[in-house]
Amino acid sequence: MKPITLIQLLIEERRAGRINAELSLLIEVVARACKRIAVATGKGALGGVLGEAGTDNVQGEAQKKLDVISNEILLEANAWGGHLAACASEEMEDPQPIPDAYPKGGHLLLFDPLDGSSNIDVNISVGTIFSVLQRPAEHGENVATEEFLQPGSCQVAAGYVVYGPSTELVLTVGHGTHVFTLDREVGSFLLTERDVRIPESTSEFAVNMSNQRHWEAPMQRYIGDLLAGKDGPRERDFNMRWVGSMVADVHRILTRGGIFSYPLDAKTTSKGGKLRLMYEANPMAFIVEQAGGAASTGRQRMLDVAPTALHQRVPVFLGSKDEVETAVRYHQAD
Ligand code: P6P
């Protein structure tokens with residue numbers, strides 16, 4: 001049977017009363033923008049878009065040319081449709097409202113336009129991560145940053161596009177997590193896996209081991225027990241993978257299980273962690289929970305975190321439910 005397209009699935013969700021026309025349009029527009037990002041990243045050295053942009057983002061991180069290009073593609077694509085009121089991005093200090101020339105809608109879009117961009121120049125998979133909120137019922141004419149500061153449980157949609165050997169869109173609107181693969185000849189995202197389920201247990205972990213000496217004691221104990229293997233308290237051997245591109249690591253975990261962790265370490269404790277809550281951890285947590293997995297800061301369910309700042313950082317544990325719960329137990333014992 002021919003796989004259905006993203007638009008057909010969105011129409012199904014609308015007919016089931018799960019999403020409205022505005023959210024359906026928003027998702028279509030973001031997916032279309034990500035196709036343009038896929039083309040730009042796919043050109044590699046031939047596109048003249050590799051390397052540094054010569055600017056820093058709000059995080060103080062050197063921007064790649066493709067970070068800036070991807071951000072512009074998403075802003076331009078979302079400006080005119082009337083489906084949202086403002087965008088927030090890892091690459092911009094403040095939210096960008098929809099230009100006055102265009103109608104405003106009732107949604108807020110947050111994104112990391114090209115996560116893992118340090119991997120672009122070495123041709124490793126990168127991705128776009130996005131999160132969708134509704135404007136609070138009470139809001140002024142102009143969009144205030146505070147409108148974005150909603151817990152991850154308020155998201156109405158979340159997704160990512162991984163630009164890898166194939167281009168895949170992973171999406172949830174709160175009723176399961178679904179995977180679409182881009183048919184590059186036709187230009188359509190085709191549904192290749194409906195209602196993904198992450199294996200509840202795993203023997204594979206993803207962490208940047210070079211930070212090991214900087215971790216808190218519970219993390220030292222947790223990883224130490226994994227490394228002890230079958231002779232240790234876990235009584236089985238574990239494998240490790242670390243791409244250094246969250247979208248690539250999370251996609252592997254969504255596909256075959258595993259636990260992804262970017263814990264606090266002495267270098268990042270003052271900032272609250274490395275990864276950003278609003279447009280990395282929360283959308284990934286929504287996607288993973290909808291696929292039967294779990295996501296935590298190590299001490300709190302990720303989707304319950306009450307945001308205090310747009311670019312807030314958090315420690316992240318997410319993936320196979322049983323393993324995330326085990327890692328959390330090490331932190332609660334402390
Ligand atoms: P490290 C990429 O810069 C990123 O934000 C995530 O995509 C990735 O998981 C993490 O940082 C990698 O961090 O410290 O291993 O380079």
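Residues numbered from 1 in each chain as written. Predicted model: local features only at pLDDT ≥ 70, side-chain atom pairs only at ≥ 80, totals over all residues. Heavy atoms only, no water.

Trainee: Where do I start with the pairing of strand E8 (residues 167-172) in this structure?
Mentor: A regular strand places its side chains so that they alternate between the two faces of the sheet. Across the 6 residues of E8, 6 count as buried, placing the element largely inside the fold. Of the two faces of E8, the one lined by Thr 167, Leu 169 and Leu 171 and the one lined by Glu 168, Val 170 and Thr 172 are each fully buried. Joining the antiparallel neighbours strand E7 (residues 157-163) and E8 is a turn of 3 residues. Pairing of E8 with strand E9 (residues 177-183) involves 5 bridges; the strand directions are antiparallel. Paired with Glu 168 across the two strands is Thr 181, which belongs to E9. Taking the residues that link successive antiparallel strands as the turn, the E8-E9 hairpin has 4 residues, and the phi of Gly 174 there is positive, at about 100°. (Buried < 20%, exposed > 50% of the residue type's maximum accessible area, 1.4 Å probe, protein only. Helix = DSSP H or I, 4+ residues; strand = E, 2+ residues; numbered from the N terminus. Pairing = 2+ DSSP bridges.)

Trainee: What am I meant to see in the site of the ligand here?
Mentor: The local shell around the ligand holds 13 residues, among which Asp 115, Asn 208, Trp 242, Met 246 and Tyr 262 are the closest. Here an oxygen atom of the ligand sits 3.0 Å away from a polar atom, N or O, in the side chain of Trp 242. Tyr 262 places a side-chain nitrogen or oxygen 2.6 Å from an oxygen atom of the ligand. Protein chains bury 81% of the 400 Å² of accessible surface belonging to the ligand in isolation. When the residues that make up the shell around the ligand are grouped by side-chain class, the tally is 5 nonpolar, 4 polar and 4 charged. (Near = heavy atom within 4 Å. Polar contact = N/O pair within 3.5 Å; in protein donor to acceptor, adjacent residues only side chain to side chain. Areas by Shrake-Rupley, 256 points an atom, 1.4 Å probe, with all protein chains shown as cover. Nonpolar A, V, L, I, M, F, W, Y, C, P; charged D, E, K, R; others polar.)

Trainee: How should the packing of helix H5 (residues 246-256) against helix H6 (residues 277-290) be read in this particular structure?
Mentor: Between two packed helices, both the angle of their axes relative to each other and the distance between the axes serve to describe the pair. Between H5 and H6, whose axes approach to 12 Å, the crossing angle comes to 10°. One way to sum up the angle between H5 and H6 is to call them roughly parallel. Here the hand of the crossing between H5 and H6 comes out right-handed. Note on element contacts: H6 touches H5 through Glu 280, Met 284, Ile 287 and Val 288, opposite Met 246, Val 247, Val 250 and Leu 254. Here the contact of H5 with H6 is composed, by residue class, of 7 nonpolar, no polar and 1 charged. (Axes fitted to C-alpha atoms, helices over the stretch in contact; angles between N-to-C directions. Parallel < 35°, antiparallel > 145°, perpendicular 65-115°, else oblique. Left-handed = near helix turned anticlockwise from the far one by under 90°. Contact = heavy atoms within 4.5 Å.)

Trainee: Got a minute to help me understand the domain arrangement of the protein chain in this structure?
Mentor: Accessible area lost upon the coming together of the parts serves often as the stated size of an interface. Under the domain assignment used here, the protein chain contains domain 1 (6-193) and domain 2 (204-332). For domain 1 versus domain 2, the separation of C-alpha centres amounts to 23 Å. Counting residues at the interface gives 47 residues for domain 1 and 29 residues for domain 2. Contact with domain 2 buries area across many residues of domain 1, yet Ile 129, Leu 149 and Tyr 160 alone supply 21% of it, more than any other trio. Between the two partners, domain 1 and domain 2, sit 2 salt bridges. Listed by contribution, the elements that provide at least two residues to the side of domain 1 that touches domain 2 are strand E3 (84-89), strand E5 (107-115), strand E6 (126-134), E7, E8 and E9. Grouping the constituent residues of the side of domain 1 that touches domain 2 by class yields 23 nonpolar, 18 polar and 6 charged. (Domains from an automatic or database assignment. Buried area = accessible area lost by both parts, 1.4 Å probe. Salt bridge = Lys/Arg side-chain N within 4 Å of Asp/Glu carboxyl O.)

Trainee: Can you walk me through helix H3 (residues 65-78) in this structure?
Mentor: Residues spaced three or four apart along an α-helix face the same direction, because each turn holds 3.6 residues. In this model, H3 (14 residues) spans 20 Å end to end at C-alpha, consistent with the 20 Å of a helix rising 1.5 Å per residue. When we look at burial in H3, the residues that qualify are Leu 66, Asp 67, Ser 70, Asn 71, Ile 73, Leu 74, Leu 75, Ala 77 and Asn 78. Those residues of H3 that are buried are in contact with helix H2 (21-43), strand E2 (62-64), E3, strand E4 (96-97), E5 and E6. (Expected span 1.5 Å × (residues − 1).)

Trainee: I'm lost on the packing of aromatic side chains in this one. Help?
Mentor: Each pair of aromatic rings is reported with the distance of its centres and the angle of its planes. Overall, the coordinates contain 3 aromatic pairs when judged by the stated rule. Taking the centre distance of 5.3 Å and the plane angle of 25° together, the rings of Trp 242 and Phe 260 count as stacked. With Trp 242 in the loop between strand E12 (239-240) and H5 and Phe 260 in strand E13 (residues 259-262), the pair connects residues that are 18 residues apart, well separated along the chain. The exposure class of Phe 260 is buried, given its relative accessible area of 1%. Ring geometry for Trp 242 and Tyr 262: centres 6.0 Å apart, planes at 55°, overall tilted. Taken together, the residues Trp 242 in the loop between E12 and H5 and Tyr 262 in strand E13 connect sequence positions 20 residues apart. Its relative accessible area of 25% is what places Trp 242 among the partly exposed residues. The rings of Trp 242, Phe 260 and Tyr 262 are connected pair by pair, giving a single aromatic cluster. (Phe/Tyr/Trp six-rings, centres within 6.5 Å; stacked < 30°, edge-to-face > 60°.)

Trainee: What am I meant to see in the environment of Tyr 160 here?
Mentor: Note on placement: Tyr 160 falls in strand E7. Distance in space between the C-alpha atoms of Tyr 160 and Arg 18 is 20 Å, their sequence separation being 142 residues. Ignoring sequence-local partners within four residues, the contact set of Tyr 160 consists of Thr 128, Ile 129, Phe 130, Glu 168, Leu 169, Val 170, Val 247, Val 250, His 251, Leu 254, Met 284 and Ile 287. Within the structure, Tyr 160 has its side chain in polar contact with the side chain of His 251 (distance 2.7 Å).

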